[in-house]
Amino acid sequence: MFEKIPLRENVLEAARQRIKWTLETFPRVCVSFSGGKDSTLMLHLVAEEARRQKTKICILFIDWEAQFQMTIDHVMRMKNLYRDVTESFWWVALPFTTINAVSQLQPEWICWGDHLNLVREPPYEAIRDTDWFPFYEEGMTFEAFVQGFAEWFAGNRPAAVMVGIRTEESVNRLRCIVSDKKNAYSDDKPWTSKTRSGHSWNVYPIYDWKTADIWTWFAKFDGPCNPLYELMYQAGVPLRFMRICEPFGPEQRQGLWLYHVLEPERWAKLCQRVPGASTGARYASDSSLFYGRRQLVKPEHLSWKKYALLLLDSMPNTTGIKSPYI
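Keep in mind that this is a model prediction, so the values were computed, not measured.

1. Regarding the overall build of the protein
For the protein, the helix and strand inventory stands at 12 helices and 8 strands. Counting across all 326 residues of the protein, residues that qualify as buried make up 47%. Here the contacts in the protein between residues at least 6 apart in sequence split such that 68% fall between residues at least 24 apart. Accessible surface, the protein: about 17,600 Å² in total, of which carbon and sulfur atoms supply 52%.

Right, dumping it as structure tokens:
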């Protein structure tokens, strides 16, 4: 059980204090930015404090190729808005291996991996050279990349990478904050975590924000937000399902239908680019238990063992195991 201890200040005041401490403590600070509501709000707060301290920050944006044009336009807008406090803006458009939860035949796909059949062209300033980062390996995962990036960014000096995760979103994100196995900067900084490099730290300044807190901030302040959220709201997408990231994960696939509605030309390219995209969009948006809610209902006339073997037999040879028992 995890016990939540209320703070004296509200979440906005607490986040500003954490950001202020981070910029005062570390000589180099990088903001991990996705174009989503959480990282956008965090970037607004960090840039605000950077201007106050008259210092510079760095920004890392991972471009997944299969993204809405609205998100790309928003990222470019934020890049220009905070150019005065930005030391480096790394727009990374390199091949990354990521999950493809809409296909059993190809459970992974590599963004930017097919140069002849891209969903869209990256901006001219994007990093496309695979030799640009000395730690990069062809087709590496996002998780491996950010670990290597943190070490490279620190360069054997103290550095911080600010990440806009919130514990409300998942148990894994809660564990990331409360785990007693991690190395926090100090006991009173549980929202920090030392990376494997030993020189850089992950900082989570908005870890205790609720979804309502995020939208309250955007309602009260003038900072721009990705306009895609407004279209999602108009389309009836519940707040908890509004996600802007790589689109083919087990949760993200439920929003594939939005590509078809909002950007039909890009959706056509997605269907050509990623196996199972059309099928995933069709079944993830209806009442399908597996695609929509990741639930399986066993037929009453089968035992769990026979049902499991039946499912295995229905899978392709590359992923399934043919059983002699059915």
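That was the structure; now back to the text.
2. Things to note about the state of the cysteines
On inspection of all chains with the given rule, the structure shows 0 disulfides. Between C30, a free cysteine, and C58, which holds the nearest cysteine sulfur, the sulfur-to-sulfur gap is 5.7 Å.

3. Observations regarding the packing of aromatic side chains
Taken as a whole and assessed by the stated rule, the structure comprises 27 aromatic pairs. Relative to W91, the ring of F61 has its centre 4.9 Å away and its plane inclined at 80°; by these criteria the two rings are edge-to-face. Placement of the pair is F61 in strand β2 (residues 57-62) and W91 in strand β3 (residues 86-92), with a sequence separation of 30 residues. The pair formed by F61 and W91 is uniform in burial state, with each residue classed as buried.

4. Some remarks on the packing of helix α1 (residues 11-25) against helix α2 (residues 37-53)
Two elements in contact, α1 and α2, have axes separated by 10 Å at closest approach and are oriented at 55°. Considering their axes alone, α1 and α2 lie oblique with respect to each other. Two packed elements cross with a definite hand, and for α1 against α2 that hand is right-handed. Contacts between α1 and α2 involve L12, A15, R16, I19, K20, L23 and E24 from the former and L45, V46, E48, E49, A50 and Q53 from the latter. Along the lines of polarity and charge, the residues of the contact of α1 with α2 split into 7 nonpolar, 1 polar and 5 charged.

5. What to know about the nonpolar core
One broad rule of soluble globular proteins: the nonpolar side chains tend to lie buried together. Counting residues in each nonpolar core, the largest one holds 82 residues, and the members touching the most others are W90, V92, F96, F133, F145, F149 and W209. Among the elements that line this core, the one with the most residues is α2, at 7 residues. Among residues more than four places away in sequence, those in contact with F149 are C30, L60, W90, F133 and F135.

6. Digging into the pattern of salt bridges
A complete count under the given rule lists 10 salt bridges for this structure. The partner of R166 in a salt bridge is D38, and the shortest N-O contact between them spans 3.1 Å. Linking R166 in the loop between β6 (159-162) and α5 (171-178) with D38 in helix α2, this pair joins segments that are 128 residues apart in sequence. Comparing R166 with D38 shows no difference in burial state: the two are buried. Here E125 makes a salt bridge to K79, at a shortest N to O gap of 4.0 Å. With E125 in the loop between β5 (108-111) and α4 (142-154) and K79 in helix α3 (residues 69-81), this pair connects stretches of sequence that are 46 residues apart.

7. Quick look at the confidence of the model for the protein
Mean pLDDT for the protein: 81, with 75% of residues reaching 70 or above. Throughout residues 287-294 the model reports pLDDT below 50, and contacts reaching past four residues in sequence, or to other chains, amount to 23 contacts. Low pLDDT (under 50) marks residues 320-326, which in the prediction has 14 contacts with non-local residues, meaning those over four places away or in another chain.

8. Some details on the pairing of strand β1 (residues 28-33)
With 5 of its 6 residues buried, β1 lies for the most part within the structure. Pairing geometry for β1 and β6, over 4 bridges, is parallel. Opposite C30, over in β6, you have V161 as the bridge partner. Examined bridge by bridge, β1 and β2 share 4 bridges and lie parallel to one another. The residue of β2 that forms the bridge with S32 is L60. Taken together, β1, α2 and β2 form a β-α-β motif whose crossover is right-handed.

9. Considerations on helix α6 (residues 211-220)
Of the residues making up α6, those classed as buried are T211, I214, W217 and F218. Taken around the axis of α6, the buried residues stretch over an arc of 130°, which confines them to a single face. Residues of α6 that are exposed and point more than 90 degrees away from the buried face comprise A212, A219 and K220. Where α6 is buried, its residues contact α1 and α2.

10. Considering α1
Think of an α-helix as turning once every 3.6 residues; residues three or four places apart then point the same way. With 15 residues, α1 ought to run about 21 Å at 1.5 Å a step, and its terminal C-alpha atoms sit 21 Å apart, in line with that. What α1 keeps buried is the set L12, A14, A15, R18, I19, W21, T22 and L23. Measuring from the backbone nitrogen of L12 back to the side-chain oxygen at the start of α1 gives 3.1 Å, which picks out N10 as the cap.

11. Concerning the sheet that holds strand β8 (residues 200-203)
Adjacent strands of a sheet form backbone hydrogen bonds with each other and so pair up, either parallel or antiparallel. The 6 strands lie next to each other as β3-β2-β1-β6-β8-β7, forming an open sheet whose pairing is mixed. The open sheet has two edge strands, β3 and β7 (192-194), and neither has a second partner. Sheet twist, expressed as the average angle between the axes of neighbouring strands with direction ignored, equals 20°. In the packing of α2 onto the sheet, the strands contacted are β1, β2 and β6, and the crossing angle to β1 comes to about 155°. Its contacts with the sheet put α3 on β1, β2 and β3, and the angle it makes with β3 is roughly 165°.

Parameters at a glance
Here the residue index of a chain counts from 1 through its sequence in written order. Reporting in this predicted model follows two pLDDT cut-offs: at least 70 for local features of residues, and 80 or more for side-chain atom pairs to be given and counted; totals over whole chains, interfaces and linings ignore these cut-offs and use all residues. The side-chain quantities take in all heavy atoms of the structure and omit both hydrogens and water. Each helix is a run of H or I in the DSSP string that is no shorter than four residues. Each strand is a run of E no shorter than two, and both are numbered from the N terminus. For every residue, the accessible area obtained with a 1.4 Å probe (protein chains only) is divided by the maximum for its type, and the residue is called buried under 20%, exposed over 50%, and partly exposed between those limits. Contacts were defined at the residue level, with two residues in contact if any of their heavy atoms lie within 4.5 Å. In short, Shrake-Rupley with a 1.4 Å probe defines the accessible areas, and a residue's cover is counted only from the protein chains shown. In what follows, a disulfide is any cysteine sulfur pair within 2.5 Å. The pairing test for Phe, Tyr and Trp rings, Trp by its six-membered ring, is centres within 6.5 Å, and the orientation test on the planes gives stacked under 30 degrees, edge-to-face over 60, and tilted for anything in between. Only the stretch in contact is used when fitting a helix axis, every axis being a line fitted to C-alpha atoms; angles between N-to-C directions are given from 0 to 180 degrees. Here the angle decides the label: under 35 degrees means roughly parallel, over 145 means roughly antiparallel, 65 to 115 means roughly perpendicular, and every other value means oblique. Crossing handedness: left-handed means the near helix sits turned counterclockwise from the far one by under a right angle, and right-handed means the same turn made clockwise. Residues are sorted three ways: Asp, Glu, Lys and Arg are charged, Ala, Val, Leu, Ile, Met, Phe, Trp, Tyr, Cys and Pro are nonpolar, and all the rest, Gly among them, are polar. Working definition of a nonpolar core: buried Ala, Val, Leu, Ile, Met, Phe, Trp, Tyr and Cys residues. They are joined through side-chain atoms within 4.5 Å. We define a salt bridge as a contact between a side-chain nitrogen of Lys or Arg and a carboxyl oxygen of Asp or Glu at a distance within 4 Å. For every residue, the predictor reports its confidence as pLDDT, a number between 0 and 100. Following DSSP output, two strands are said to pair if at least two bridges run between them. A crossover counts as right-handed when, viewed with the strands pointing away from the observer, the path leading from the first strand over the helix to the second turns clockwise. The arc refers to the directions leading from the helix axis to the C-beta atoms. By this rule, a helix spans an expected 1.5 Å times one less than how many residues it contains. For this analysis, a polar contact is any N or O atom pair within 3.5 Å, provided that within protein one partner can donate a hydrogen and the other can accept it, and provided that sequence-adjacent residues contribute only side-chain to side-chain pairs.

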